[in-house]
Structure formats: structure tokens, C-alpha cells
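# Tertiary structure, described
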Amino acid sequence: MTAQRRVVAEVLDGEHVHLTADEVHARAVAKLPEISRATVYNTLGELVSLGEVLEVTTDRRAKRYDPNAHRPHHHLVCARCGAIRDVHPTGNPLADLPAAERFGFTVSDVEVTYRGLCPDCASA
């Protein structure tokens, strides 16, 4: 693993981490000043292709990168500030879709996004 890839992986490490590419780059530069924006973008693309990182898009905001790629989960998004949290509700949303609503599709994946206001925005 190259130093650049290691730094990007370190920046993405943690629970509820959903950084934009620019945020990943800013944090990576703090650890490895010579890392370029292109290297960060390329590394994120490679990590997504390998299934090590998820690319998350919410509304018209910038793509975010989620290192929690190996545990199925959904997202809770603040409609005001854009904060994202991973959530793990019980049940199986794939099984909850009635056969009549599948319109002949063979459904293989489900993405659920819950929206609301985070505690900080709700109290502001």
C-alpha cells in the first residue's frame, strides 16, 4: 500500500465518517503535505471500485465517501446542515417490498435514506 493510499484510508477511518473528496484531501494534506487532489480523487475512485468505500449522494450536495462498506446500513441525513449518520434499523427492507410492487424486477439491493433535522439544527 502506498503512503498516499494509507493516508486516505486513515482519514476515512472511523464510525459515521462521510467526508467529501475535498474534506478527505484537506485532512490528508495535514498528514502528508505533498499529496495531490488528483491522487485523493483517484484513490477514492479505486476504493469505491474495490468495494472498500461507498459513494453516498444525498440531494444536490457533493458526493461523500463512507468507509462502512461491509456492514449493511442506511443513512440518516440532516436536511439543513447535511450531517449524515449510519443507522441499522431492524427488519429487511428488501423483503418488505411486495411482489406486486417489484414489477418483474429481480431486486438485489436497497438504499434507504431517512431525512430530518439533527439535534443541533432542530434546536437552532
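Only a predicted model underlies this, so the values are computations on that prediction, with no experimental measurement involved.

With that settled, consider the packing of helix H1 (residues 3-12) against helix H3 (residues 37-49). Direction vectors running N to C along H1 and H3 enclose 70°, while the axes themselves pass 10 Å from each other. Considered as vectors, H1 and H3 are oriented roughly perpendicular to each other. Residues Gln4, Arg5, Val8 and Leu12 of H1 lie in contact with H3, whose contacting residues are Thr39, Val40, Thr43, Leu44, Glu46 and Leu47. Along the lines of polarity and charge, the residues of the contact of H1 with H3 split into five nonpolar, three polar and two charged.

If you walk across this open sheet you meet the three strands as E5-E4-E6, and the pairing is mixed. Two strands lie at the open edges of the sheet, namely strand E5 (84-87) and strand E6 (113-116), each paired on one side alone. Each strand axis lies, on average, 25° off the axis of its neighbour in the sheet, ignoring direction. Sheet topology places strand E4 (residues 74-78) next to E5; four bridges connect them, and they run antiparallel.

Our focus in this paragraph is the pattern of salt bridges. Under the definition given, this model contains five salt bridges. Glu10 is the partner of Lys31 in a salt bridge, and the nearest nitrogen-oxygen pair spans 3.8 Å. Placement of Lys31 in helix H2 (residues 21-31) and of Glu10 in helix H1 is noted, with a sequence separation of 21 residues between them. In this structure Lys31 comes out as partly exposed when scored by relative accessible area, which is 49%.

What follows covers the environment of His73. Along the chain, His73 turns up in the loop between strand E3 (64-66) and E4. Overall, the relative accessible area of 13% leaves His73 in the buried class. Ignoring anything within four residues of it in the chain, the contact list for His73 reads Leu54, Asp66, Asn68, Asp86, Val87 and His88. Engagement of the side chain of His73 in a polar contact is seen with the side chain of Asp66, the distance being 2.7 Å. At 3.4 Å, the side chain of His73 and the backbone oxygen of Asn68 are in polar contact.

Rules behind the numbers
Residues numbered from 1 in each chain as written. Predicted model: local features only at pLDDT ≥ 70, side-chain atom pairs only at ≥ 80, totals over all residues. Heavy atoms only, no water. Axes fitted to C-alpha atoms, helices over the stretch in contact; angles between N-to-C directions. Helix = DSSP H or I, 4+ residues; strand = E, 2+ residues; numbered from the N terminus. Parallel < 35°, antiparallel > 145°, perpendicular 65-115°, else oblique. Contact = heavy atoms within 4.5 Å. Nonpolar A, V, L, I, M, F, W, Y, C, P; charged D, E, K, R; others polar. Pairing = 2+ DSSP bridges. Salt bridge = Lys/Arg side-chain N within 4 Å of Asp/Glu carboxyl O. Buried < 20%, exposed > 50% of the residue type's maximum accessible area, 1.4 Å probe, protein only. Polar contact = N/O pair within 3.5 Å; in protein donor to acceptor, adjacent residues only side chain to side chain.

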